Amino acid sequence: MATDVEDPQRRDFLIIAGNAFAAVGAASLIWPFVQQMNPDAGAKALASIEVDLSPIQQGQAITVMWRGKPVFIRNRTPEEIEAAKKVPLNELVDEAARNENVEADARATDENRTLKGHENWLVMVGVCTHLGCIPKGQTLSDAKGDYGGWFCPCHGSHYDTAGRIRKGPAPRNLEVPTYEFVSDTKIKIG
Amino acid sequence: MAQHESTYVPKSAIAKWWDQRLPIMRLMHDSFVDYPTPRNLNFLWTFGGILTFVLVAQIVTGIVLAMHYQPSAEDAFNSVENIRRNVNYGYMIRNFHAVGASMFFIAVYIHIFRGLYYGSYKAPREILWILGVLIFLVMMATAFMGYALPWGQMSFWGVTVITNLFSSLDGIFPGLGTAIVEWLWGGYAVTGVTLNRFFSLHYLLPFVILGLVILHVWALHVAGQNNPTGLDVKTKSDTVPMSPYAISKDFLWMFVFLIMFAWFVFFLPDYLGHADNYIEANPLVTPPHIVPEWYFLPFYAILRAIPDKLGGVVAMFAAIAILVFVPWLDTSRVRSSKYRPIYKWFFWLFAFSCLALGYLGSKPAEGVYVFWARIFTFYYFAHFLIVMPIVGILETPKKLPRSITEAVLGEGGAATPKGAAAAPERR
């Protein structure tokens, strides 16, 4: 747009600099409008919860809400633990532990699905790894699937007593969230 | 000016294929790129573009806020506080929207007074002007309902007072006003039910405005733009192509406007609002001094200046409705006040009256404030009903230039002033 024949570069520079400045300003304005949809400070403040385990008898399970999702907490019987331990790892669909509390490359043994010293407690996010339904198996009357653990009614995924996927379309074991024992009968999730 | 020949040339094979099927790029090119604009437009002609920008900005920020807002009497106030404190950049987006409403009105008032000064309402632009009045009216309704949404004390009592305006219809037909007010409220008082429907309409009306704006721009492009001389475009040398000439001027003044906008958003976000709106709505206690947002103050002053319930309401709505008749109330053959030595002074008196009414609207309705509100209310209407028709007939306008080109370049119009863009019309 050089209209001044004597000094075209100055005008060109002003136009390019002005447009570049406006473009950077407009682009940086997009960020807040994207970021506003991410979890807000209120949602992040709910990132951890404490759960009292003392009322849960052997063979019983409870479901608690964490970050808007159900968390299955099961006090497993010795038979259930035994059944899970007996499974050879090469029979598993997903051989990774999927446990936030052990190394990322740990294998899906029954020990690696729990915390050391608390092997009877199984704590998992109760969301099917297929498409996000909540598997059955928490109450006594629920269908527990072919492996005695959990069964997702949406598309027929079967989980065993360690929450590992054994049959059906789900690709991964149920996820074990970050948690720790803050006392013998209390855990903190998140 | 709409009949100017299309100069759009599709550059690629795809553009050509597309152009034969849906010539939208041609429409855009002919309407906003190669559109001939009068060569003498001053900065006041950039406010149409600024207003379009503000409308789009209000819609975008409004859609974002609606993602986080809860339109219920229990949660509305807290959800707005949640937006300000917890939502990522929520404080900023909320301020954009709240300050944006004020900026919208600043721009629209400049735009309206520009039209009044330069006679932009006169033939052949009457429909264009009336569409503008309709946009203004819907804008006011939208802003009013938006102000209700934070559900603070001013929101609640503003809604109560303004919806109660309709109860004055009881004076015409007993029971009519009450029935209308209860219909508006969805109950026997302003409640969360009222808030819910206001939210719904506040989301709808901006899109109505958008539709009206499209008609407004269409009507503008049929008649062509007015200009500071008020003369019609006669030859090609009276115009320059919109891009880059008018467009770069639009952007310059939009940036100036945005600097002011950003200043309020980041440094004075609550300056244009009222502190009482940070107290949650309480249906049992009215704040001691109720005032509307600043942009409604002149009309509020007119409402209170009339010592009769129905009369006040009628006067307030008449103050807006009278704008519709301006094209026929003004009897002058000359558009621009630049060439109207007598009317010019009345114009500024009118502008002063509007500012004065705004000031008086913010003051309590007592004593000397009421007296002056009545004086200026009288002049507000007298300007349209007496000054416009009579001055137009009696006044002798100044000598008009023969053309826009002559007004810019002087008689003869041949010599290019030093430093001016060389032959912008050569294209």
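What counts, and at which threshold
Within each chain, residues carry numbers counting from 1 in the order of the written sequence. Here the convention is simple: chains get letters from A, ligands get numbers from 1, in the order in which they are written. Totals for whole chains, interfaces and linings use every residue, but because this is a predicted model, local features are given only for residues with pLDDT of at least 70 and side-chain atom pairs only at 80 or more, for both listing and counting. Here the side-chain values reflect all heavy atoms present in the structure, with hydrogen atoms and water set aside. For our purposes a nonpolar core is just a set of buried Ala, Val, Leu, Ile, Met, Phe, Trp, Tyr and Cys residues, chained together by side-chain atoms within 4.5 Å. Burial classes: relative accessible area under 20% of the type maximum marks a residue as buried, over 50% as exposed, and values in between as partly exposed (1.4 Å probe, protein chains only). A run of DSSP states H or I qualifies as a helix once it reaches four residues; a run of E qualifies as a strand once it reaches two. Both are numbered from the N-terminal end. Pairs of residues are marked as contacts when any of their non-hydrogen atoms sit within 4.5 Å. Two parts lose some accessible area (1.4 Å probe) when they are put together, and adding that loss for both gives the buried area. Salt bridges are identified by distance alone: a Lys or Arg side-chain nitrogen within 4 Å of an Asp or Glu carboxyl oxygen. A 3.5 Å cut-off defines polar contacts: any pair of N or O atoms within that distance qualifies, except that in protein one atom must be a possible hydrogen donor and the other a possible acceptor, and neighbouring residues in sequence count only when both atoms are side-chain atoms. Under this grouping Gly is polar, as are all residues other than the nonpolar Ala, Val, Leu, Ile, Met, Phe, Trp, Tyr, Cys and Pro and the charged Asp, Glu, Lys and Arg. The rule for a disulfide is simple: a pair of cysteine sulfur atoms within 2.5 Å. By definition here, a helix of n residues has an expected span of 1.5 Å times n minus one. Patch membership needs two things, relative accessible area over 30% and no salt bridge, and members are linked within 9 Å if like-charged or within 5 Å if nonpolar (Val, Leu, Ile, Met, Phe, Trp, Tyr). Each accessible area is a Shrake-Rupley estimate made with a 1.4 Å probe; only the visible protein chains count as cover when residues are assessed. Only C-alpha atoms enter the line fits that serve as axes; for helices the fit covers just the stretch in contact. Angles between N-to-C directions range over 0 to 180 degrees. Roughly parallel covers angles under 35 degrees, roughly antiparallel covers those over 145, roughly perpendicular covers 65 to 115, and oblique covers all other angles. Take the far helix as the reference: if the near one is turned anticlockwise from it by less than a right angle, the crossing is left-handed, and if turned clockwise, right-handed.

*Asks:* Outline the nonpolar core, listing residues and values.
*Replies:* In this structure, Phe105, Leu116, Phe136, Phe299, Tyr380 and Phe384 of chain B are the most contacted members of the largest nonpolar core, which totals 104 residues. Take this core: its biggest share by element is 14 residues, from helix α5 (residues 90-117) of chain B. Among residues more than four places away in sequence, those in contact with Tyr380 of chain B are Phe299, Ile302, Ala319, Ile322, Phe350, Cys354 and Leu357 of chain B. Leu53, Trp66, Cys128 and Phe181 of chain A belong to the second-largest nonpolar core, a separate cluster that totals 26 residues.

*Asks:* So what's going on with the environment of Lys344 of chain B? Residues and values would help.
*Replies:* Residue and element names in this part refer to chain B. With respect to the element layout, Lys344 can be found in helix α14 (residues 343-361). Owing to a relative accessible area of 23%, Lys344 belongs among the partly exposed residues under this scheme. Distance in space between the C-alpha atoms of Lys344 and Tyr117 is 7.8 Å, their sequence separation being 227 residues. Leaving out residues up to four positions away in the same chain, Lys344 has contacts with Tyr117, Ser337, Lys338 and Lys398.

*Asks:* Before we move on, could you go through the interface of chain B and chain A and cite the residues and values that matter?
*Replies:* Listed per partner, the contact involves 15 residues of chain B and 15 residues of chain A. Together, Asn86, Asn88 and Tyr89 of chain B form the three largest contributors to the area buried by chain B at its contact with chain A, with a combined 39%. Between chain B and chain A we count 0 salt bridges in total. Linking chain B with chain A are 5 residue pairs in polar contact (both at pLDDT 80 or more), by the criterion used here. Each residue belonging to the side of chain B that touches chain A can be placed in one class, and the counts come to 10 nonpolar, 5 polar and no charged.

*Asks:* Could you give an account of the state of the cysteines, with specific residues and numbers?
*Replies:* Here, the word disulfide means a covalent bond between the sulfur atoms of two cysteines. All names here are of chain A. As enumerated under the stated definition, the model contains 1 disulfide over all chains in all. There is a disulfide in this structure between Cys133 and Cys154, and the S-S distance comes to 2.1 Å. A torsion of -95° about the S-S bond marks the disulfide between Cys133 and Cys154 as left-handed. Note that Cys133 is positioned in the loop between β4 (121-125) and β5 (148-152) and Cys154 in the loop between β5 and β6 (157-160), a separation of 21 residues in sequence. We classify Cys154 as partly exposed; its relative accessible area is 38%. Looking at the unpaired Cys152, the closest cysteine sulfur is the one in Cys128, lying at 3.8 Å. Overall, the relative accessible area of 2% leaves Cys152 in the buried class.

*Asks:* Describe helix α9 (residues 192-223) of chain B, naming the residues involved and giving the relevant values.
*Replies:* Counted at 1.5 Å a residue, the expected span for α9 of chain B with its 32 residues is 46 Å, and the 46 Å between its end C-alpha atoms agrees. Phi turns positive one or two residues past the end of α9 of chain B, at Gly224 of chain B, with a value near 85°.

*Asks:* Could you give an account of a nonpolar patch on the surface, with specific residues and numbers?
*Replies:* On the surface, a nonpolar cluster with roughly 1,100 Å² of combined accessible area is contributed by Ile30, Trp31 and Val34 of chain A together with Tyr89, Tyr91, Trp263, Phe266, Phe267, Leu268 and Tyr271 of chain B. When residues of the nonpolar patch are traced back to their parent elements, those giving at least two are α1 (8-35) of chain A together with α10 (242-267) of chain B. Positionally, Ile30 of chain A belongs in helix α1.

*Asks:* So what's going on with the packing of α5 of chain B against α10 of chain B? Which residues, and what values?
*Replies:* Residue and element names in this part refer to chain B. With their axes 9 Å apart at the nearest point, α5 and α10 run at an angle of 135° to one another. It follows from the interaxial angle that α5 and α10 lie oblique. Two packed elements cross with a definite hand, and for α5 against α10 that hand is right-handed. Two secondary-structure elements touch here, α5 through Met92, Asn95, Phe96, Val99, Gly100, Met103, Ile106 and Ala107 and α10 through Phe257, Met260, Phe261, Phe264, Val265 and Phe266. The residue inventory of the contact of α5 with α10, partitioned by class, reads 12 nonpolar, 2 polar and no charged.

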